[in-house]
Amino acid sequence: MQNRDTFGSRLGVIFATVGCAVGLGNVWRFPYMLGTNGGAAFLLVYFLCALLLGLPVMMAEFYIGRYSRRNAVGAFNVIAPKTRWRFVGYNGVLAAFLILGFYFVISGWTFEYVFQSIAGSFEGKSTGDIEAEFTAFSSSIFRPVFWTLLFIFITHFIIVTGVKNGIERSSKLLMPLLFVILVVLCIRSVTLPGAMAGLEFLFRPDFSKINSQVLLSAMGQAFFSLSVGMGCLITYSSYFGKETKLPRTALEVTVIDTLVAVLAGIMIFPAVFSFGIEPAAGVELVFITLPNVFGQLPLGNLWACIFFLLLAVAALTSTISLHEVATAFLHEERGITRKRAALLVSLGVTALAVLSSLSFGIMKDFTIFGLTFFDFLDYVTAKLMLPLGGMFICIFVGWRIDRKILKAELTNGGTVAFYFFSIYSFLLKYIAPLAIGFIFLNELALIDFIREIF
């Protein structure tokens, strides 16, 4: 591992790691989660969860990755050789691989909607018309699969180019582009008539809406948005140089990731309120409701094209990081070339993605435990593998790693001040694992089951 590639600059570290965290979870999932959980109250709880829970877990993954300078599985083999802790790494690699199996499908949809925007397909159509067209598109055989395969090809090309020339270079292009598009759309949204109501919904909290469901949803979204528990942060931090300041980098990534989510809210909710749309529209907010909004705007096709280009960029930054987790594992642990490893991963996720896409149409009656193939991959990863991975990472670093070794790595051998190490250690050992445990139980609906019993 002496000749192992690393990111070439501090800016590359930030952009690549932010790209790892920022994705459809920020631009697609966060707005509908906020809309269905009380608006500003959810935003406040989410911010606290990201800072007090997500940040410590991210730093733990940074420690594992840079200290070992290996992939998600190899890292545990270095730090805790010949132990079962390596299965935490296997969980991360498998989770990343399975997530790609359905994430590429949604990513492909963004390309379709960019194309539809350019073609002017949203003009003069009702929400019902757009919903019918979305259903027809997503359930067809060839168009969704075509866009999915194109997205896989672009991701594959970036991965085989390498860490510096592929991941870092693409991140330096994609992340500034994402921010520029976000800001442009935010400016357009807040200038709409009645936009102030949307901003009040986003920023004026009603504390009476904070309940256990909002708290658990905010914690779950924080971990999903920051990409903890899926091996991405371990893999990316293994490419950090020894001069990288881990606490500072983790804080910067957390703040920027949260900023992107807030900007997504500013982009969406003023427009939603301006056109009298229900903010709790749910998952269809992006692919059904917003195209109807764009269809009513002057130059609506242009704004729609810009918006779905934003979604595509956000999706690409995530597919790159997820693909790299599995590619790095095969390359380093199985001793095959990087290009061949990337090819094997791409071929594998292609099979999963095609099945996931077809589960909206000809395979919709094929179910696993009552779930379509797409929903099954989503359920297994988001509700089982990611919470468990995050929890065991907290336990591993918090309880098994010597405090002196952990502090030495986080302070670059004592050359970087870390005044809140004791607080960080307490959060990592006690608060974060319990919080993730509650998320896990809530996602499985076991908390509601326990309430019914007692």
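Residues numbered from 1 in each chain as written. Predicted model: local features only at pLDDT ≥ 70, side-chain atom pairs only at ≥ 80, totals over all residues. Heavy atoms only, no water.

(A) Inspection of the overall build of the chain at higher detail. From N to C terminus, the chain includes 19 helices and two strands. Taken over the C-alpha trace, the chain has a radius of gyration of 21 Å; the compact-globule value for 454 residues is 22 Å, and the two agree within 12%. In terms of principal-axis extent, the alpha carbons of the chain reach across some 65 × 50 × 50 Å. Counting the 454 residues in the chain, one finds 60% classified as buried. Of the contacts formed within the chain by residues at least 6 apart in sequence, a portion of 83% connects residues at least 24 apart. Per element, the accessible surface of the chain, about 18,300 Å² overall, is 67% carbon and sulfur. (Helix = DSSP H or I, 4+ residues; strand = E, 2+ residues; numbered from the N terminus. Rg over C-alpha atoms; globule rule 2.2 N^0.38 Å. Buried < 20%, exposed > 50% of the residue type's maximum accessible area, 1.4 Å probe, protein only. Contact = heavy atoms within 4.5 Å. Areas by Shrake-Rupley, 256 points an atom, 1.4 Å probe, with all protein chains shown as cover.)

(B) Structural view of the pattern of salt bridges. As enumerated under the stated definition, the model contains eight salt bridges in all. Across the pair R143 and E112 runs a salt bridge whose closest N-O atoms are separated by 2.4 Å. Taken together, the residues R143 in helix α7 (residues 142-161) and E112 in helix α5 (residues 86-118) connect sequence positions 31 residues apart. Here R143 falls in the partly exposed class, since its relative accessible area comes to 41%. Judged by relative accessible area, E112 falls into the buried class, the value being 2%. A salt bridge links E409 to K242, with the shortest nitrogen-to-oxygen separation between them at 3.5 Å. A residue pair is termed long-range when its members are at least 10 positions apart, and E409 in helix α17 (residues 403-410) and K242 in the loop between α11 (232-237) and α12 (246-274) qualify at 167 residues. Note on K242: relative accessible area 49%, which makes it partly exposed. Overlapping salt bridges bring together R66, K242 and E409 as one network. (Salt bridge = Lys/Arg side-chain N within 4 Å of Asp/Glu carboxyl O.)

(C) The environment of V88, seen in detail. Looking at the secondary structure, you find V88 in helix α5. Setting aside its immediate chain neighbours within four residues, V88 contacts F76, G389, F392 and I393.

(D) Fine view of a nonpolar patch on the surface. A contiguous nonpolar surface patch, about 750 Å² in accessible area, is contributed by L44, F47, L48, L51, L52, F207, I210, L251 and V255. When contributions to the nonpolar patch are tallied by element, the ones reaching two or more residues are α3 (40-68) and α12. Of all the elements, α3 adds the most residues to the nonpolar patch, at five residues. Mapped onto the elements, L52 comes out in helix α3. (Patch = residues over 30% accessible without salt bridge, like charges linked within 9 Å, V, L, I, M, F, W, Y side chains within 5 Å.)

(E) Quick peek at empty space enclosed by the protein. This model, assessed by the stated rule, comprises four cavities of 30 Å³ or more. Counted as a void, the largest cavity has a volume near 110 Å³. Counting residues per element, the ones that place at least two in the lining of the largest cavity are α8 (163-190), α12, α13 (289-295) and α14 (300-333). When the residues that make up the lining of the largest cavity are grouped by side-chain class, the tally is 11 nonpolar, one polar and one charged. (1 Å grid on protein atoms, 1.4 Å probe; cavity = no way out; pocket = protein on both sides within 12 Å on 5 of 7 lines; lining within 4 Å. Points joined across faces, edges and corners; volume = space filled by probe spheres on them. Nonpolar A, V, L, I, M, F, W, Y, C, P; charged D, E, K, R; others polar.)

(F) Spotlight on unusual backbone geometry. In this structure, R69 takes a positive phi of about 50 degrees despite not being glycine. The class for R69 is buried, based on a relative accessible area of 18%. One non-glycine residue, L299, adopts positive backbone phi at about 55 degrees. Structurally, the position occupied by L299 is in the loop between α13 and α14.

(G) Structural view of the packing of aromatic side chains. Within the structure shown, the criterion is met by 37 aromatic pairs. These aromatic residues form a ring-pair network of at least three members: F102, W109, Y113, F122, F134, F287, F294, F307, F308, F360 and F374. Sitting above the plane of the W399 ring, K429 keeps its charged end 4.2 Å from the centroid. (Phe/Tyr/Trp six-rings, centres within 6.5 Å; stacked < 30°, edge-to-face > 60°. Lys NZ or Arg CZ within 6 Å of the ring centre and 35° of its normal.)

(H) Spotlight on α12. For α12, built from 29 residues, the straight-helix expectation of 42 Å at 1.5 Å per residue is met to within 8% by its first-to-last C-alpha distance of 42 Å. Two residues or fewer after α12 comes G276, characterised by a positive phi angle close to 70 degrees. (Expected span 1.5 Å × (residues − 1).)

(I) A look at the packing of helix α15 (residues 338-358) against helix α16 (residues 373-400). It is at 7 Å that the axes of α15 and α16 come closest, and there the two elements cross at 120 degrees. Of the possible angle classes, the one that applies to α15 and α16 is oblique. In contact with L352, L355 and S356 of α15, α16 contributes F373, F374 and L377. (Axes fitted to C-alpha atoms, helices over the stretch in contact; angles between N-to-C directions. Parallel < 35°, antiparallel > 145°, perpendicular 65-115°, else oblique.)

(J) The arrangement of the side chain of S121 in detail. Along the chain, S121 turns up in the loop between α5 and α6 (127-139). At 2.4 Å, the side chain of S121 and the side chain of Q116 are in polar contact. Residues within four places of S121 in sequence aside, it is in contact with Q116, E133 and N301. (Polar contact = N/O pair within 3.5 Å; in protein donor to acceptor, adjacent residues only side chain to side chain.)

(K) The arrangement of the packing of helix α1 (residues 10-21) against α8 in detail. Two elements in contact, α1 and α8, have axes separated by 8 Å at closest approach and are oriented at 75 degrees. When the interaxial angle is binned, α1 and α8 end up roughly perpendicular. Of α8, the residues touching α1 (which contributes G12, F15, A16, V18 and G19) are I167, E168, S171, K172, M175 and P176.

(L) Representation of the layout of surface pockets in the model. Computed from the structure, the second largest pocket encloses a volume of approximately 400 Å³. In this structure, the second largest pocket is lined by 17 residues; those nearest its centre are L55, M59, L251, F418 and F420. Of all the secondary-structure elements, those providing two or more residues to the lining of the second largest pocket are α3, α12 and α18 (421-443). Among the elements that take part in the lining of the second largest pocket, α3 stands out by supplying five residues, more than any other. The class makeup of the residues in the lining of the second largest pocket is 15 nonpolar, no polar and two charged.

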